[in-house]
Amino acid sequence: MVVGDVTTGTDVLVIGGGPGGYVAAIRAAQLGRDVTVVEMDDYGGSCLNHGCIPSKALISASGLAHRAGEAERMGVYAEPAVDMSAMVGWKDQIVNRLTKGVESLCERAGATLMTGRAEFAGDGEVRVVKAGDGQGSETVSFEHAIVATGSRPVEIPGFGFDGEHVLSSRDALALESVPDRLLIVGAGYIGMELATVFQKVGSDVTVVEQLDGVLPGYEADVTDVVHDRVESLGVDFHFQQTAREWEATDDGLLVWTDSEAEGRAEKRFEADRCLVAVGRQPVTDTLNLAAVDVETDERGFIETDDQARTSVDSVFAVGDVAGEPMLAHKAFAEGEVAAEVIAGEPAALDHQAIPAAVFTDPEIGTVGMTADEAAEAGFDPAVGEMPLRASGRALTLDEREGFVRIVADGETGFVLGGQIVGPEASELVAELALAVEMGATLEDVASTVHVHPTLSEAVHEAAKGARGASIHY
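Residues numbered from 1 in each chain as written. Predicted model: local features only at pLDDT ≥ 70, side-chain atom pairs only at ≥ 80, totals over all residues. Heavy atoms only, no water.

Q: Sorry if this is basic, but what is going on with the packing of helix α6 (residues 189-200) against helix α7 (residues 220-233) here?
A: Two quantities define a packed helix pair, namely the angle between the axes and the distance from one axis to the other. Running from amino to carboxyl end, α6 crosses α7 at an angle of 25°, the nearest separation of the two axes being 10 Å. The orientation of α6 relative to α7 falls into the category roughly parallel. As for how α6 packs across α7, the hand of that crossing is left-handed. Contacts between α6 and α7 pair Met192, Thr196, Gln199 and Lys200 from the former with Val226, Val230 and Leu233 from the latter. (Axes fitted to C-alpha atoms, helices over the stretch in contact; angles between N-to-C directions. Helix = DSSP H or I, 4+ residues; strand = E, 2+ residues; numbered from the N terminus. Parallel < 35°, antiparallel > 145°, perpendicular 65-115°, else oblique. Left-handed = near helix turned anticlockwise from the far one by under 90°. Contact = heavy atoms within 4.5 Å.)

Q: Sorry if this is basic, but what is going on with helix α13 (residues 457-466) here?
A: Each α-helix turn comprises 3.6 residues. Residues three or four places apart therefore point the same way. Most of α13 sits out of view: eight of its 10 residues are buried. Restricting attention to buried positions, one finds in α13 the residues Ala458, Val459, His460, Glu461, Ala462, Ala463, Lys464 and Ala466. On its buried face, α13 is in contact with β20 (381-387), β21 (403-409), α11 (425-438) and α12 (442-446). Count one or two residues on from α13 and you reach Gly468, which has phi positive near 75°. (Buried < 20%, exposed > 50% of the residue type's maximum accessible area, 1.4 Å probe, protein only.)

Q: Looking at this structure, how should I read the pattern of salt bridges?
A: For side chains bearing opposite charge, pairing can occur when the charged atoms are close. Taken as a whole and assessed by the stated rule, the structure comprises 24 salt bridges. Put simply, Arg405 and Asp221 hold a salt bridge, and the shortest N to O gap is 2.2 Å. Of the two residues, Arg405 is situated in strand β21 and Asp221 in helix α7; the sequence distance between them amounts to 184 residues. Residue class for Arg405 comes out buried when judged on its relative accessible area of 6%. (Salt bridge = Lys/Arg side-chain N within 4 Å of Asp/Glu carboxyl O.)

Q: Just to check I follow, could you spell out the packing of helix α3 (residues 52-69) against helix α4 (residues 84-109) for this structure?
A: Interhelical geometry of α3 versus α4 gives an angle of 140° and a closest axis separation of 9 Å. Between α3 and α4, the angle is such that the two are oblique. With respect to the hand of their crossing, α3 and α4 are arranged in right-handed fashion. For the pair α3 and α4, the contacting residues are Ile53, Pro54, Ala57, Leu58, Ala61 and Ser62 in the first and Met84, Met87, Trp90, Lys91, Ile94, Val95 and Leu98 in the second. Split into classes, the residues belonging to the contact of α3 with α4 amount to 11 nonpolar, one polar and one charged. (Nonpolar A, V, L, I, M, F, W, Y, C, P; charged D, E, K, R; others polar.)

Q: Is there a simple way to explain the environment of Ser104 in this structure?
A: With respect to the helices and strands, Ser104 occurs in helix α4. Its relative accessible area of 25% is what places Ser104 among the partly exposed residues. Considering only alpha carbons, one finds Ser104 and Gly18, 86 residues apart in sequence, at a separation of 14 Å.

Q: Help me understand unusual backbone geometry, please; the structure alone is not making it clear to me.
A: Here the amide bond leading from Glu324 into Pro325 is cis, since omega sits at -5°, within 30 degrees of zero. Here Pro325 lies in the loop between β17 (315-317) and α8 (328-342). At the junction of Asp361 and Pro362, the peptide bond is cis and its omega measures out at 0° in the coordinates. On the secondary structure map, Pro362 appears in the loop between β18 (356-358) and β19 (363-368). If you check the backbone angles, Ala308 has positive phi at about 70° while not being a glycine. The residue Ala308 is located in the loop between β16 (280-282) and β17 in this model. Owing to a relative accessible area of 1%, Ala308 belongs among the buried residues under this scheme. Even without a glycine there, the phi angle at Glu424 is positive, about 60°. In this fold, Glu424 is placed in the loop between β22 (415-422) and α11. On the accessibility criterion, Glu424 (42% relative accessible area) is partly exposed.

Q: What is the right way to look at the side chain of Thr206 in this model?
A: Locating Thr206 in the fold gives a position in strand β10 (residues 204-209). A relative accessible area of 15% means that Thr206 is categorised as buried. When near neighbours in sequence (up to four residues on either side) are disregarded, Thr206 contacts Leu182, Leu183, Ile184, Asp236, His238 and Phe269.

Q: How should the pairing of β22 be read in this particular structure?
A: Side chains on a regular strand alternate between the two faces of the sheet. Judged by how many residues are buried, β22 sits mostly within the fold: eight of eight residues are covered. As paired elements, β19 and β22 share six bridges and run antiparallel to each other. Its bridge partner being in β22, Gly365 is matched across the sheet by Ile420. What sits between the antiparallel neighbours β21 and β22 is a turn of five residues, in which Gly413 has the positive phi angle 85°. (Pairing = 2+ DSSP bridges.)

Q: Sorry, what's going on with the packing of aromatic side chains here?
A: The relation between two aromatic rings is expressed through the spacing of the ring centres and the mutual angle of the planes. As enumerated under the stated definition, the model contains three aromatic pairs in all. The interplanar angle of 65° and the centroid separation of 6.2 Å between the aromatic rings of Tyr22 and Phe332 together place this pair among those described as edge-to-face. Of this pair, Tyr22 sits in helix α1 (residues 19-30) while Phe332 sits in helix α8, and the two are 310 residues apart along the sequence. In this structure Phe332 comes out as partly exposed when scored by relative accessible area, which is 30%. With centroids separated by 5.7 Å and ring planes inclined at 10°, the aromatic side chains of Phe237 and Phe239 adopt a geometry described as stacked. For Phe239, a relative accessible area of 24% gives the class partly exposed. (Phe/Tyr/Trp six-rings, centres within 6.5 Å; stacked < 30°, edge-to-face > 60°.)

Q: Explanation requested: the sheet that holds strand β8 (residues 166-167) in the structure shown.
A: Taking strand neighbours across the sheet as the criterion, the five strands line up as β8-β15-β9-β10-β11 in an open arrangement whose pairing is parallel. The outermost strands of the open sheet, each flanked by one partner alone, are β8 and β11 (236-239). Pairing analysis gives four bridges linking β10 to β11, with the strands arranged parallel. For Glu209, the partnering residue across the bridge sits in β11 and is Phe239. Sheet strands in contact with α6 are β9 (181-185), β10, β11 and β15 (273-276), and its direction is about 165° off that of β10.

Q: Whenever I open this one, the nonpolar core confuses me. Can you help?
A: It is characteristic of soluble globular proteins that their nonpolar side chains tend to be buried jointly. Judged by nonpolar contacts, the single largest core of 36 residues is most densely connected at Met192, Phe198, Val205 and Val207. Of all the elements in the fold, those that place two or more residues in this core are α3, α4, β9, α6, β10 and α7. Considering each element in turn, this core owes the most residues, six residues, to α6. Ignoring anything within four residues of it in the chain, the contact list for Phe198 reads Met84, Ala172, Leu175, Pro179, Leu182, Ser203 and Val205. Formed by 29 residues, the second largest nonpolar core is a distinct cluster that contains Val23, Ala25, Leu48 and Ile146. (Core = buried A, V, L, I, M, F, W, Y, C linked by side-chain atoms within 4.5 Å.)

In structure tokens form, the structure reads like this:
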């Protein structure tokens, strides 16, 4: 028996309960709107369940095991053993706790939660298809809709994810045993983070990358530090290689690559598993956007303005589905902006001050402009840099590689951006992001007393250096 279609109404319909969606729902409810959230999987989205949180849990655990086993020069002698199943179980406990927390936050704010797949049925209406046979569907009418359906891993031709031989990042984060040989296709942030994790817990990791280096989009002196560290762990890199095909064997699989730069010369790699991490694509194909004339670009991302509004005034889009940068904290900000605009509040996005981080070993944190970008924009950049080998706190952490760089306008001193590579870069970059957001100057940062001994002193010293007044370097 099929349950008949039911119609309900809401002020604000949020499609997707990930970072952008649940924040939008909570903020809209706080502002007095009747809110309904439709989620087809788990609250918290890919970030909480299959990305940001689980990967950082495994990064922390694998890093602890590695440091304990490599700390002889600090006078620590240990031979840690890794139980991957127990590590994944610990990670899952964290994820489950946070997922339940997101649902609770939405419910306490007053949002109505629905389970199902939402697709637009026309102006002001969506059809929510319930999971399971005979569950039917429900039509929800709305005044405003916020699309927050996120993204999924990109598959490459011939390498469809099967969860056994060819893995997505989601599959890799759920592995309960360590593969002896892991081949990773892609040296972007996901590939590099997971290469580090699995090498540290005992895999023999090989990375093949179509481009000529790791972490495209970051400056070479930043990525060189990470590449050298990860390579020193034992990860084997092969650049300008395109994965073409694979074949299952009795004990794993064979993967063939070739290189346009080398006249299509072929290479063969043996592995137990192959992780494909070449990027993510927006989830828009389930939405029937044509029913409401919402425009997307050639890659499928929904086009939005600085208020998260789409080509249709009543429909907003936030998070990964709205395009680069595909970052959870950017989704948080967009979700709040969308909710506030719907409620009639003055709100808009400022992408200039959105920081980015890569949780490799060491970490990378960036915000705003590089020196080259500042020059291209017409500034006369003043640049200050503090190497971590001159930081007392970095040395006490046994972390010598990396640096903090600050970029400012040479004429006014206004901070334009910064690049950090080193321990806790993801935390340190917040100070630079605040400086960019509030229009702080080099003098503001340099005259702020920082705690000693800390890593944050490197930010202070870089600011002083950009003014020609460095003390410790």
